[in-house]
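A structural walkthrough
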Amino acid sequence: MSLFGAVIALGVLALIFGVILGFAAVKFRVESDPIVDQIDEILPQTQCGQCGYPGCRPYAQAIADGDDINKCPPGGEATIKQLADLMGVEPKPLDDAHGEEDVKKVAIIREDECIGCTKCIQACPVDAILGAAKQMHTVIEHECTGCDLCVEPCPVDCIDMVAVKPKPETWQWDLDTVKENIKANSIPVKVVE
Amino acid sequence: MSDVKTVNRDFNTDIIGQFPGGVHPPERKQPASSRPIRRLPLPAELILPVRQHIGPSGKVLVEVGDRVDKGQRLTEAGLSQGLPLHAPTSGIIAAIEERPTAHASGLPEQAIVIHPDGEERWGNKHALPDYHDVEISRLLELVQEAGIAGLGGAGFPTAQKLAQQKPLKHLIINGVECEPYIAADDRLMQEYADDIIAGTRILQYITRCDSVLFAIEDNKPEAIKAIAAAIDDDTQIKLKVVPTKYPSGGEKQLIELLTGHQVPSGKLPMDIGLLMQNVGTAYAVKRAIIHGEPLLERVVTLTGEALEQRGNVWALLGTPIQHLLDESGFNPEKKQRIIMGGPMMGFTLPSTEVPVIKTTNCILAPTDHELPAPGPELACIRCGACSDVCPATLQPQQLQWLAKAKDYDELEKHHLFDCIECGACAYVCPSEIPLVHYYRKAKAEVRNIAREKAKAEQARKRFEARQERLEREKQERLERHRKAAEERKKMQQEKASRPDSKTDSGDEKPAGKSAAVAAAIARAKAKKAAQAAKDNADEDSSAKGNES
Amino acid sequence: MSFKIAPSPHGHNQRTTSEMMRWVCYALVPGVLLQSYFFGPGVWFQITLAVATAVLAEMACTVARERPAFSALRDNTAIVTAILLAISIPSLAPWWVIVIGTLFAIVVVKHVYGGMGQNLFNPAMAGYVLLLISFPVQMTNWLPASTISEHSLTLWQTLHTILFEYTPAGYSVEQLRAGIDGVTMATPLDTIKTELTRGYTLTEIYQGPEFSYFAGAGWQWINLGFLVGGLLLIQQRIISWHIPLGFLAGLCLPAFIAHIFAPDLMPGPIVHALSGATMLGAFFIATDPVSAATSNRGRVIFALLIGFIVFVIRSWGGYPDAVAFAVLLANMCVPLIDRYTRPVVYGHGD
Ligand code: SF4
Ligand code: SF4
Ligand code: SF4
Ligand code: SF4
């Protein structure tokens, strides 16, 4: 008898909670942006074209139209996961036909070798390179997305992609890296007398 | 203890509020609190990170090989934040290069390295024994130029904190020093009580505040006596003796203790009419104004059982930690930890070649016996011990689940950023979960995401701007094409209509006319060719742009 | 020289989960000793069986979840769960009962929910309820306390009964329960329930052999034993007073009021407090941190709720005792309680 009571009580409780949850879901639903904007929000905006589209927004449009979510190497796993959450599909591993996830990089122009051909400026999707014809060019480091597109066009190969160095304020509290940080940087002391 | 009681009775010690949680770790302030502050011989080199603890780095004013005087300015402070840097002693600039910093990451930063010459030769000092007829803005400038930063907490530039113009209810001087082991402020108060009170009065003058609450924890009877004596019968400065509990020295906790108010989340104490300064800062302000000496040194507690001579020392900023250890009989054990700061909030140093910075209050070299390393992390049993001791009334266990699940939205909803990283939760957690470490990681990650997001947003804008520009250029080009085409058309029409006109008017010179037309056609052709060539080039580049 | 890198804080108050669980085991000793005195040594066999099952199950689960086999055992929580379940069931229950119950508690209730700390329900009590529902006969076969029992079993007889469900002489547990008059004796709470329905008053019922001094013979002392252990836990700060006090208040206050209005129908607070699994529940079961509320305020509400449900089920429900049901029901309310008792975070008030 009280077994039934318990079962019924549990059932009723579960039902009540269910109703509350359902109600809350309806009541507190947030009006959302159009899906393309939401997808574009998630994409890393590197604008590198590795996904096969001319920039992130076109790829966002393509995803909204049903393309796979695993074509963006700069975003990597994290982006795929977020996209999967947003689109309500299973996350899949990165499609390596489009490239592999890599550390963050920025372009650096070896300025003494630059001939001022402006080819890199034309290639840069975010206008992160400064310079005029016949003049030395330079990369605005904090605007560079590390998309790699300027490397290829340079006729004298003076653009390097270098990994972004961690700084104390951007360090992610990964204690395992501390030993390396120290080792990599203990330069022998120069004595100037 | 009885000492404290008598002191309690003699002075106004009524504490209005109390803060939730808190822990009572073994204090272990002896013997550092009972030994006079020592002076050490000069180290072989001083390492001064150009970038101060908070704020962008200043412009370096010296070059390698320069001779500098004691107190000479080495960097020009940036406009908003940032502080100038001074040579802590006279010597030669030996290098300006990247050196590991006093930071948990051990990452290198640009630093000026000085080899002291041992002469201790001072540069110009602008002493100002009577500041009462000096403009407040000038005093603020002097504090800024002296490079004074909060010596207790995060190292925020003091002048900027003082400059916030809002009426103050109380100026709070924090001599609580609640963290175990550390006795730097304690000793400073015992030995320099008069200077601290003089500094307090300068701070009072600058902030035009007539009520000072001077807080000291009741485990420092000697300091309480000294400060009480220095205050004497100044009724504007009230000595408040707060009960010993960690972290009562935290800015927010002390405010709640003394005033019963909480600083609203995301706001500053200033917003509720309060300003807090550390005793060390008050001392530095006095030295800066009255003696014209910039901040060049600070008291550092050297303690822990791996050191033979425990106590406090005056350490020049930039002194390598190794030098301090060498001077205190360091017997490292296997897997020795060197902690900068106290046992609750300090961080381990990967190398002893990092320098003392303005916020370095303690170097702790404990044996494993006195501060055993935590055991393996077990699962959370939801015992709630952590939330019982959290001074911010957070739910550490909940934060921990969320941090492990990397649910950053929920973490912010659970007020992760109100965590003061005091470590009380991890101290009591029976499952020995390094809770604070998870929060730090999560905070860094949240900040990182925000940074990336801002950057992505910027990149998107620039990309869109570029797309627009390309589009505009294309439109302009099309417009030019159209115009050229129209011109062509017009000319052809003219050409077609000409025979008629000829028949109409009859007597024009056909040869001359046709020559003019031929010339125009040739011109148009040339123009068209040039345009086409240009177009091709443009098309090429824009096509490339679109591929990207 | 390389130094050790470690996150702050660099010290600990030295009370670990494993140690706390060990203390819980120590605190159970007085109660269990009394239980084995009154109900024979069977409880020791049950404990042994339960602990062995729990350890193996825990290892199997951790291995299945691809962690080192001993990692989860280190916190001792599985052992505590096993012991609590073993104490709760009749000492002469057949061996497979405790094995099934423990397996269910560890594998389903604990690990399927995601392992230590993630379980919504108290594993021991969930196991108990499963057993009670599945094997009602075996689970209610409590012997009368040895002081009033006709039979007392030796170690060997006990073991034989647990393994084969009969004593070596061929008695079933059912038969062992018979009193001098040949009538099967029940637990005191059972007796109250059945006799009341037969129209007796409490005063008459208390005359029966099952009762002495304050409450049921034997049971009252066992409860006092657990009370002593529980107080030790509070004194050692392993548990806080909130849950035990809330539990007892939630049970005894309504009982007291009801007793005043119907002294012959409603047992008084003392009978309630010293009967069945009250003390075990109040100090050892409801205090399981994982499935209880987290804030102190929440814990009081949680415990009051359990106490009250126990009172209601004992008074009007079909089962004589109800600690297990009450705990599980309250477990379900924990997320809600936690939600509404969450303290205001610093700086977010007013
Ligand atoms: S692959 Fe490059 S262009 Fe494509 S979405 Fe990712 S970052 Fe954007
Ligand atoms: S500078 Fe080079 S790597 Fe950086 S965004 Fe521009 S094209 Fe990409
Ligand atoms: S103290 Fe540790 S085990 Fe207890 S609830 Fe907090 S995190 Fe979990
Ligand atoms: S570290 Fe953060 S969560 Fe932990 S006790 Fe301190 S304030 Fe609370």
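From a predicted model like this one, the values you see are computed outputs, not experimental measurements.

**As for the overall build of chain C**
A count of helices and strands for chain C gives 16 helices and two strands. The C-alpha atoms of chain C give 21 Å as radius of gyration, which agrees with the globular expectation for 350 residues (20 Å, within 12%). Taken over the C-alpha atoms alone, chain C extends approximately 80 × 55 × 30 Å along its principal axes. Within the span of chain C, comprising 350 residues, buried residues form 58% of the whole. Working note: accessible area of chain C is about 14500 Å², and carbon and sulfur atoms make up 67% of it.

**Here we look at helix α4 (residues 95-112) of chain C**
Residue and element names in this part refer to chain C. Helix length check: α4 (18 residues) gives 24 Å between terminal C-alpha atoms against 26 Å at 1.5 Å per residue, within 8%. Of all the bends in α4, the greatest, near 25°, is centred on F104. Of the positions making up α4, those classed as buried are V97, I98, V99, G101, T102, A105, I106, V109, K110 and H111. Residues of α4 that are buried make contact with α2 (42-64), α3 (77-88), α5 (123-134) and α6 (136-139). Looking one or two residues past α4, G114 carries a phi angle of roughly 115°, positive in sign.

**So, the site of ligand 1**
Taken together, 13 residues form the shell around ligand 1, and within it C48, G49, C51, C56 and C72 of chain A come nearest. Class assignment of the residues belonging to the shell around ligand 1 gives a composition of eight nonpolar, five polar and no charged.

**Examining the sheet that holds strand β14 (residues 339-340) of chain B**
Backbone hydrogen bonds are what pair the strands of a sheet, in a parallel or an antiparallel way. Residue and element names in this part refer to chain B. Taken together, the six strands give an open sheet; going across it, the order is β1-β13-β12-β16-β14-β15, and neighbouring strands pair in mixed fashion. A strand with exactly one partner marks an edge of an open sheet, and here the two such strands are β1 (38-39) and β15 (347-348). Summarising the sheet, strand β12 (residues 297-303) and strand β13 (residues 311-316) pair through six bridges and their orientation is antiparallel. Bridge pairing in β13 places R298 opposite A315.

**Structural notes on the side chain of T81 of chain C**
All names here are of chain C. Along the chain, the position of T81 falls in helix α3. Among the residues examined, T81 registers a relative accessible area of 12% and is labelled buried. Setting aside chain neighbours within four positions, we find T81 in contact with A105, I106, P123 and A124.

**Let's talk about a nonpolar patch on the surface**
A contiguous nonpolar patch, built from F4, I8, V12, I16 and I20 of chain A and spanning about 490 Å² of accessible area, is present on the exposed surface. Judged by its relative accessible area of 42%, I16 of chain A falls in the partly exposed class.

**Focus: the sheet that holds strand β11 (residues 274-278) of chain B**
Residue and element names in this part refer to chain B. Ordered by their spatial adjacency, four strands build an open sheet running β10-β9-β8-β11, and the pairing between neighbours is parallel. Among the strands making up the open sheet, the edge pair consists of β10 (237-242) and β11. Sheet twist, expressed as the mean angle between neighbouring strand axes with direction ignored, is 25°. Relative to β11, strand β8 (residues 170-175) is paired through five bridges, and the arrangement is parallel. Across the sheet, H170 pairs through a bridge with L274, a residue of β11. Across the sheet, helix α5 (residues 193-207) lies against β8, β9 (212-217), β10 and β11, angled at about 150° from β8, the strand it touches most. On top of the sheet, helix α8 (residues 279-290) reaches β8, β9 and β11; it is set at about 80° to β11, its chief contact.

**Examining the site of ligand 2**
In the neighbourhood of ligand 2, 13 residues make up the surrounding shell, with C124, C144, C147, D148 and C150 of chain A lying closest. Class assignment of the residues belonging to the shell around ligand 2 gives a composition of 10 nonpolar, two polar and one charged.

**Here we look at the domain arrangement of chain B**
All names here are of chain B. When its domains are assigned, chain B resolves into domain 1 (1-30 + 126-292) and domain 2 (378-476). If you average the C-alpha positions of domain 1 and of domain 2, the two centres end up 32 Å apart. Between domain 1 and domain 2, the residue contacts involve 12 residues of the former and 11 residues of the latter. Together domain 1 and domain 2 conceal approximately 870 Å² of surface at their shared face, both sides included; 60% is due to carbon and sulfur atoms. Here domain 1 and domain 2 share zero salt bridges between them. Linking domain 1 with domain 2 are three residue pairs in polar contact (both at pLDDT 80 or more).

**Some remarks on the domain arrangement of chain C**
Residues and elements named next belong to chain C. In terms of domain boundaries, chain C breaks down into domain 1 (41-142 + 150-180) and domain 2 (185-342). Just the C-alpha atoms count here: the centres of domain 1 and domain 2 sit 22 Å apart. Each partner contributes to the interface: domain 1 provides 20 residues, whereas domain 2 provides 19 residues. Carbon and sulfur atoms make up 76% of the area that domain 1 and domain 2 hide from each other, which totals about 1700 Å². Viewed at the interface, domain 2 and domain 1 are joined by zero salt bridges. Applying the counting criterion to the domain 1 and domain 2 interface returns two residue pairs in polar contact (both at pLDDT 80 or more). If you list the elements that add at least two residues to the side of domain 1 that touches domain 2, you get α3 and α5. A per-element tally of the side of domain 1 that touches domain 2 places α5 first, with six residues. Taken together, the residues of the side of domain 1 that touches domain 2 break down into 13 nonpolar, six polar and one charged.

Criteria and thresholds
- Residues numbered from 1 in each chain as written.
- Chains lettered and ligands numbered in written order.
- Predicted model: local features only at pLDDT ≥ 70, side-chain atom pairs only at ≥ 80, totals over all residues.
- Heavy atoms only, no water.
- Helix = DSSP H or I, 4+ residues; strand = E, 2+ residues; numbered from the N terminus.
- Rg over C-alpha atoms; globule rule 2.2 N^0.38 Å.
- Buried < 20%, exposed > 50% of the residue type's maximum accessible area, 1.4 Å probe, protein only.
- Areas by Shrake-Rupley, 256 points an atom, 1.4 Å probe, with all protein chains shown as cover.
- Expected span 1.5 Å × (residues − 1).
- Bend = angle between axes of the 7 residues up to and from the residue.
- Contact = heavy atoms within 4.5 Å.
- Near = heavy atom within 4 Å.
- Nonpolar A, V, L, I, M, F, W, Y, C, P; charged D, E, K, R; others polar.
- Pairing = 2+ DSSP bridges.
- Patch = residues over 30% accessible without salt bridge, like charges linked within 9 Å, V, L, I, M, F, W, Y side chains within 5 Å.
- Salt bridge = Lys/Arg side-chain N within 4 Å of Asp/Glu carboxyl O.
- Axes fitted to C-alpha atoms, helices over the stretch in contact; angles between N-to-C directions.
- Domains from an automatic or database assignment.
- Buried area = accessible area lost by both parts, 1.4 Å probe.
- Polar contact = N/O pair within 3.5 Å; in protein donor to acceptor, adjacent residues only side chain to side chain.

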